[in-house]
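Survey of secondary and tertiary structure
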Amino acid sequence: MAQDNTLQAIISHAKEYGFIFPSSEIYDGLSAVYDYGPWGVELKKNLKDLWWKYMTQFHEDIVGLDASIFMHPKVWKASGHVDSFNDPMIDNLDSKKRYRVDHLIEDYAESLEDEEKEALLIKMEALLGEEKFEELSALIQEHNIKCPVSKTANWTEIRQFNLMFSTKVGSVADESSEIYLRPETAQGIFVNFLNVQKTSRLQIPFGIAQIGKAFRNEIVARGFVFRMREFEQMEMQYFIRPGTQKKWYEYWKEQRLNWHISLGIPAEKLRFHDHVQLSHYADMACDIEYEFPMGFRELEGIHSRTDFDLKNHQEHSRKKQQYYDHTLDENGKPYGNYIPYVLETSVGLDRAILMILSEAFEEEDLSTEKREDSRSVLRFSPKVAPIKLAVLPLTRKDGLPEIAKELFDSCKLDFKCFYEEKDTIGRRYRRMDALGTPFCVTIDHQTKEDGTVTVRHRDSMEQERVKLEDIKPLVLNAIHS
Ligand code: GAP
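Before going into details, it helps to say that this report is about the structure given with it. (Residues numbered from 1 in each chain as written. Predicted model: local features only at pLDDT ≥ 70, side-chain atom pairs only at ≥ 80, totals over all residues. Heavy atoms only, no water.)

Examining the environment of Arg-159
Note the following rule: Only DSSP runs of H or I reaching four residues or more are called helices, and only runs of E reaching two or more are called strands; each is numbered from the N terminus. Contacts are residue-level and defined by heavy atoms, with any inter-residue pair within 4.5 Å sufficient. Contacts described as polar in this section are N or O atom pairs within 3.5 Å, which, within protein, must combine one atom able to donate a hydrogen with one able to accept it, while residues neighboring in sequence count only if both atoms come from side chains.
By the element assignment, Arg-159 lies in strand S6 (residues 159-162). Excluding residues that lie within four positions of it along the chain, Arg-159 makes contacts with Asp-87, Pro-88, Met-89, Asp-91 and Arg-98. A distance of 2.9 Å separates a polar atom in the side chain of Arg-159 from a polar atom in the side chain of Asp-91.

With respect to the side chain of Arg-375
Residue position: Arg-375 is located in strand S18 (residues 374-378). Within the structure, Arg-375 has its side chain in polar contact with the side chain of Asp-433 (distance 2.8 Å). Among the polar contacts made by the side chain of Arg-375, one reaches the main-chain carbonyl oxygen of Arg-458 at a distance of 2.9 Å. Look past the residues within four positions of Arg-375 in its chain and what remains in contact with it is Glu-362, Glu-363, Glu-364, Leu-366, Arg-430, Asp-433, Arg-456, Arg-458, Asp-459 and Met-461.

Notes on helix H9 (residues 193-200)
Where we set the bar: Categorising residues by exposure relies on relative accessible area from a 1.4 Å probe, with only protein chains included: less than 20% of the type maximum marks a residue as buried, more than 50% marks it as exposed, and the intermediate range marks it as partly exposed. Starting at the helix axis, one direction is taken to each C-beta atom, and the arc is that of these directions.
Taken together, the buried positions of H9 are occupied by Phe-193, Leu-194, Val-196 and Gln-197. Projected down its long axis, H9 shows its buried positions confined to an angular sector of 165°, all on one face. Exposed residues on H9 whose side chains face more than 90 degrees from its buried face are Lys-198 and Thr-199. Following H9 by one or two positions, Arg-201 adopts a phi angle in the positive range, close to 60°.

With respect to the sheet that holds strand S21 (residues 439-443)
Threshold: When DSSP locates at least two bridges between a pair of strands, those strands are taken to pair. The axes used here are C-alpha line fits, helices contributing only the stretch in contact, and every angle between their N-to-C directions lies in the interval 0 to 180 degrees.
Taken in spatial order, the five strands line up as S20-S19-S21-S22-S23 in an open sheet, and their pairing is mixed. Sheet topology places strand S20 (417-419) and strand S23 (463-467) at the edges, where each strand pairs with a single neighbour. Taking each pair of neighbouring strands and ignoring which way they run, the sheet shows an average axis angle of 30°. With four bridges connecting them, S21 and strand S22 (residues 452-457) associate as antiparallel partners. Bridged to Thr-442 within S22 is Thr-454.

Quick word on the side chain of Gln-321
Of note, Gln-321 is situated in the loop between helix H11 (308-317) and strand S14 (323-328). For Gln-321, the side chain forms a polar contact with the main-chain oxygen of Lys-319, separated by 3.3 Å. If sequence neighbours within four positions are ignored, Gln-321 has contacts with Phe-190, Phe-193, Leu-194, Leu-310, Gln-314, Tyr-338, Ile-339 and Pro-340.

Details of the packing of aromatic side chains
Let me state the cut-off plainly: Stacked, edge-to-face and tilted are the three classes for Phe, Tyr and Trp ring pairs, Trp counted by its six-membered ring, which pair at centre distances within 6.5 Å; planes under 30 degrees apart are stacked, over 60 edge-to-face, the rest tilted. A ring has a charge above it when a Lys NZ or an Arg CZ is no more than 6 Å from the ring centre and no more than 35 degrees off the ring normal.
Counted under the stated rule, the structure contains 19 aromatic pairs. Between Tyr-99 and Trp-155, the ring centres sit 5.8 Å apart and the planes meet at 85°, which makes this aromatic pair edge-to-face. A residue pair is termed long-range when its members are at least 10 positions apart, and Tyr-99 in strand S5 (residues 98-100) and Trp-155 in the loop between helix H7 (133-142) and S6 qualify at 56 residues. On the basis of relative accessible area, Trp-155 is assigned to the buried category, the value being 13%. Taken together, Phe-190, Phe-193, Phe-206 and Phe-239 form an aromatic cluster joined through their ring pairs. Just above the ring of Phe-296 sits the side chain of Arg-271; from NZ or CZ to the centre is 4.0 Å. Over the face of the ring belonging to Phe-226 we find Arg-351, whose NZ or CZ atom lies 3.7 Å from the ring centre.

Observations concerning the pattern of salt bridges
Here is the rule we go by: Definition used for salt bridges: Asp or Glu carboxyl oxygen within 4 Å of a side-chain nitrogen of Lys or Arg.
Across all of its chains, the model carries 36 salt bridges by this definition. Its salt-bridge partner being Glu-218, residue Arg-100 comes within 3.7 Å of it at the nearest N-O pair. Here Arg-100 is found in strand S5, whereas its partner Glu-218 is found in the loop between strand S9 (206-215) and strand S10 (230-240), with 118 residues between them in sequence. For the pair Arg-100 and Glu-218, one class covers both residues: buried. Arg-305 serves as the salt-bridge partner of Glu-184, at 3.3 Å between the closest nitrogen and oxygen.

A few points about the packing of helix H5 (residues 101-109) against helix H6 (residues 114-129)
Two quantities define a packed helix pair, namely the angle between the axes and the distance from one axis to the other. How we decide: Geometric relationships in this document are graded by angle, where less than 35 degrees denotes roughly parallel, more than 145 denotes roughly antiparallel, 65 to 115 denotes roughly perpendicular, and other angles denote oblique.
Closest axis-to-axis distance for the H5/H6 pair is 10 Å, and the angle between their directions is 170°. With respect to each other, H5 and H6 are oriented roughly antiparallel. Here Asp-102, Ile-105, Glu-106, Tyr-108 and Ala-109 of H5 lie close against H6, whose contacting residues are Lys-117, Leu-120, Leu-121, Met-124 and Leu-128.

Observations concerning the pairing of strand S19 (residues 389-393)
For clarity, the cut-off: Looking down the strands as they point away from the viewer, one classifies a crossover as right-handed if the path from the first strand across the helix to the second runs clockwise.
Taken across its five residues, S19 has five buried, putting it largely inside the fold. Note: S19 against S20, three bridges, orientation parallel. From the neighbouring strand, Leu-389 faces S20, where its bridge partner is Cys-417. Chirality of the crossover, the property in question, places the unit of S19, helix H13 (residues 400-411) and S20 among those that are right-handed. Pairing of S19 with S21 involves five bridges; the strand directions are parallel. By the bridge assignment for S21, Pro-393 is matched with Ile-443.

Some details on the site of the ligand
Defined as follows: Near residues are defined by distance, with any heavy atom within 4 Å of the molecule or strand qualifying the residue. The accessible surface values rely on the Shrake-Rupley method and a 1.4 Å probe; as for residues, cover is taken only from the protein chains in view.
Lining the immediate surroundings of the ligand are 21 residues, of which Glu-184, Met-228, Glu-235, Glu-298 and Leu-299 lie closest. Contact distances for the ligand include 2.8 Å between a nitrogen atom and a side-chain N or O atom of Glu-218. Contact distances for the ligand include 3.4 Å between a nitrogen atom and a side-chain N or O atom of Arg-305. A total of 550 Å² of accessible area belongs to the ligand in isolation, and the protein chains cover 93% of it. Contributions of two or more residues to the shell around the ligand are made by S10, strand S13 (295-306) and strand S16 (341-348).

Below is the structure:
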């Protein structure tokens, strides 16, 4: 995945303006781990709140859950992650670098003409799907794919590498005390399926939503917060009657695509990609892809997981994971006992943040014939913007800060405001542009005379006079539209 100029510019902007920092930076950082700064954390919280509301408020048949990161080790045996959560890897004997086989081939394919590239990728996906590693090795040799570091094709055999992090629990470090950091939040939902169903009294179909951290020992970490070792997922498992999965699969595909569009993402920058290589648990699966600066990449997975997870948990725990369905079938008989099927939607929160940043970021040339000028701006939808309103008194005297603080206080319970007195008004506007603040309000001497303020709009940079009491409704309207 090439880190093109735009991605580099976004990474620099995110650091400079307090959105995202490399983890433990004073120790030179930790690969594929990042920290969210003051404005990144607001952005992230806004996105989480929007997803949470959309799932648990907008859909009356979905409830929330917050399961723990540590789970009984048998969970990961039952889910298939101990045996199957692997990536095929290959090592270069000269550089000692390790690569994910699909990334190595994909990067090489970028150098080919469209037709040849497509043929290679189709072949690769098919071989990966059937785990034909000898043939994949032959494919790498046939194309003479070289290590980007050593520039040689001196490769090892392809081997499977498990992506789960493990650690020890308690003081006795024997094998029985080994536990895993969850690689997905979904299993916390599956093992609580009956707890939630019984306590919420929901009937099938119903869903359980969860936001939380997941951990994967990604070998090749690339693309900023696109591929991290510690990241957050927003997952929803929708429990359905077996046989109805096609209908719900189509329903959730549409719902989720529209959610991204509702954040201000243009429809043409989103697309579906059907999986050729299905995960160990799925009978139908696709990704919603977004056109990141490095090209179309997976943003969210929609998976029809059948009864794979609940059935396996039933087997491994020896606890029934069944549901009694009172609904009558076409013969007038209740559907009765069954293990529900599951339709899953799973979006990476950090990937969604990268999408929002990529879509919003612009280095705008404002040069005129008379002078050169430019600005960095984040054109966030007011819904997700970390700061909704900046309140800026023109000067620090003449009672202007007092009026500004009054406005700030009257808005701060409803949305995030920012107050600043320092610097010229032009510089303050530019700083707010860089943080993506949709509205700035300037309190000046005219405010004292007629109770109006200047509202400066981030995107158009236009300014208008508005009554003080109309500011709050104006911002609220923009957030909720
Ligand atoms: N429960 C299903 C599941 O975990 P997945 O396709 O492996 O499915 C779902 O992951 C989503 O999680 C992805 O679409 C992506 O947005 C996000 N994700 C996966 N691995 C990630 C990583 N290493 N860094 C950031 N986000 C990741």
